[in-house]
Amino acid sequence: MLTRGQRIGITVYGCDRDEHTLFRESAHRFGVEPAVTGEPVSVAGALLASGNRCVSVDHRTRVTGPILRALGRVGVRYLSTRSIGVDHIDLEQAARAGITVGNVAYSPAAVADYTLMLIVMSLRHTRSVLDRTAAHDYRPPPTRGRELRDLTVGVVGTGRIGAAVVDRLTGFGARILAHDPRPTLSADYVPLEDLLRRSDVVTLHVPLGARTRHLLDRARLGELKAGAIVVNTGRGALVDTGALADELERGRLGGAALDVLEGEEGIFATDRRRDPVDWPVLARLQRLPNVIVTPHVAYHTDHALRDAVENSILQCLTFESGCRDA
């Protein structure tokens, strides 16, 4: 076990200002000496981890085989990602490099609250209202909004975040359908195809993997109820974005609210005001008045950040403690 007063080193990559402050504040309390950098983890940057067996990385950077091998060469044996998802990490290459990968848990309320906000905004045509108001057009939108108590919402994935979404939807009086291979709630679980056909709103809360990539592909998007709204605060590649744009442009779907997009890496979390984005599918979506796109910020709350930082540190401490016990 770690002895009293003993401190371990952790190299923290891709750390923004708020995270930096939290890591520094938590360092003394947890007996940690963090080496913090705002630079994303990279082959060249792996040298910063020399002497530390544990590193913490952000979710925005793809952690590839070359990076993992470079980390392994300088002695890294544990990598904690400050995210729930691990799809940005080459897990097979991590194992080959002798590096164990851990993901953190944080308050599901952050993403659940944001999901409900996007659902309500979509149902009330909020993007159109805000656009018109900004242009000094103060008339009501041409299409009236809908109330959740009159609608059926399909929740795909009922883990911690999906369950929190269901809990919030219950307070709005919506009829809720759920789909998950491992039912955990006292909800109305149905096959995915049934959920798609019957739901006015479909919201996605499953991890991204080989089986869930393009979970909503062209065929399944075609099965959605006419006028349905797609909400995605999970991972962009859960949806075939080009096929979704086609359905929206045809007018068959009622709208979409997307906090994540397939291909967002290198664009979301950057300032592109003076460097226009050459991303045709994003341009197609942003031209549609019934589509809301936000840059992967559903998790972005002070509470969730604190959870992610502290749990990343605790994971590294647990790993180091296990090594010393072995």
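Scoring rules and cut-offs
Residues numbered from 1 in each chain as written. Predicted model: local features only at pLDDT ≥ 70, side-chain atom pairs only at ≥ 80, totals over all residues. Heavy atoms only, no water. Axes fitted to C-alpha atoms, helices over the stretch in contact; angles between N-to-C directions. Helix = DSSP H or I, 4+ residues; strand = E, 2+ residues; numbered from the N terminus. Parallel < 35°, antiparallel > 145°, perpendicular 65-115°, else oblique. Left-handed = near helix turned anticlockwise from the far one by under 90°. Contact = heavy atoms within 4.5 Å. Nonpolar A, V, L, I, M, F, W, Y, C, P; charged D, E, K, R; others polar. Pairing = 2+ DSSP bridges. pLDDT = per-residue confidence, 0-100. Buried < 20%, exposed > 50% of the residue type's maximum accessible area, 1.4 Å probe, protein only. Right-handed = clockwise from strand over helix to strand, strands pointing away.

Novice: How should the packing of helix α4 (residues 109-123) against helix α6 (residues 160-172) be read in this particular structure?
Specialist: Helix packing geometry: the angle between the two helix axes and the distance between the axes. At a minimum axis separation of 8 Å, α4 and α6 run at an interaxial angle of 45°. The angle between α4 and α6 falls in the class oblique. Seen along the crossing, α4 lies across α6 with a hand that is right-handed. Residues Ala 109, Val 111, Ala 112, Asp 113, Thr 115, Leu 116, Ile 119 and Val 120 of α4 lie in contact with α6, whose contacting residues are Ile 161, Ala 164, Val 165, Arg 168, Leu 169 and Phe 172. Looking at the contact of α4 with α6, its residues break down into eleven nonpolar, one polar and two charged.

Novice: I keep staring at the sheet that holds strand β4 (residues 78-81) and nothing clicks. Help me out?
Specialist: Hydrogen bonds along the backbone pair up the strands of a sheet, which may run parallel or antiparallel. Reading across from one edge, β2-β1-β3-β4-β5 is the order of the five strands in this open sheet, with parallel pairing throughout. With one partner strand each, in any of the chains shown, β2 (32-36) and β5 (100-103) form the two edges of the open sheet. Strand-to-strand twist across the sheet, computed as the mean angle between neighbouring axes with direction ignored, equals 25°. In the sheet, strand β1 (residues 8-12) pairs with β2 via five bridges, with the strands oriented parallel. From the neighbouring strand, Ile 10 faces β2, where its bridge partner is Pro 34.

Novice: When you look at the confidence of the model for the chain in this model, what are you seeing that I'm missing?
Specialist: It should be kept in mind that the predicted coordinates are not to be read in detail where pLDDT is low. Averaged over every residue, the pLDDT of the chain is 94; residues scoring 70 or more account for 97%. Between residues 1-5, whose pLDDT stays under 50, and residues either more than four places distant or in other chains, the model counts eight contacts.

Novice: What exactly am I supposed to notice about the pairing of strand β9 (residues 201-204) here?
Specialist: The side chains of a regular strand alternate between both faces of the sheet. Covered by surrounding structure in β9 are Val 201 and Thr 203 together with Val 202 and Leu 204, the residues of both alternating faces. Across four bridges, the pairing between strand β6 (residues 152-156) and β9 is parallel. The residue bridging Val 153 from the neighbouring strand is Val 201, located in β9. In the sheet, β9 pairs with strand β10 (residues 229-232) via four bridges, with the strands oriented parallel. In the sheet register, Thr 203 faces β10, and the bridge partner there is Val 231. Handedness of the crossover joining β9 and β10 through helix α8 (residues 218-223): right-handed.

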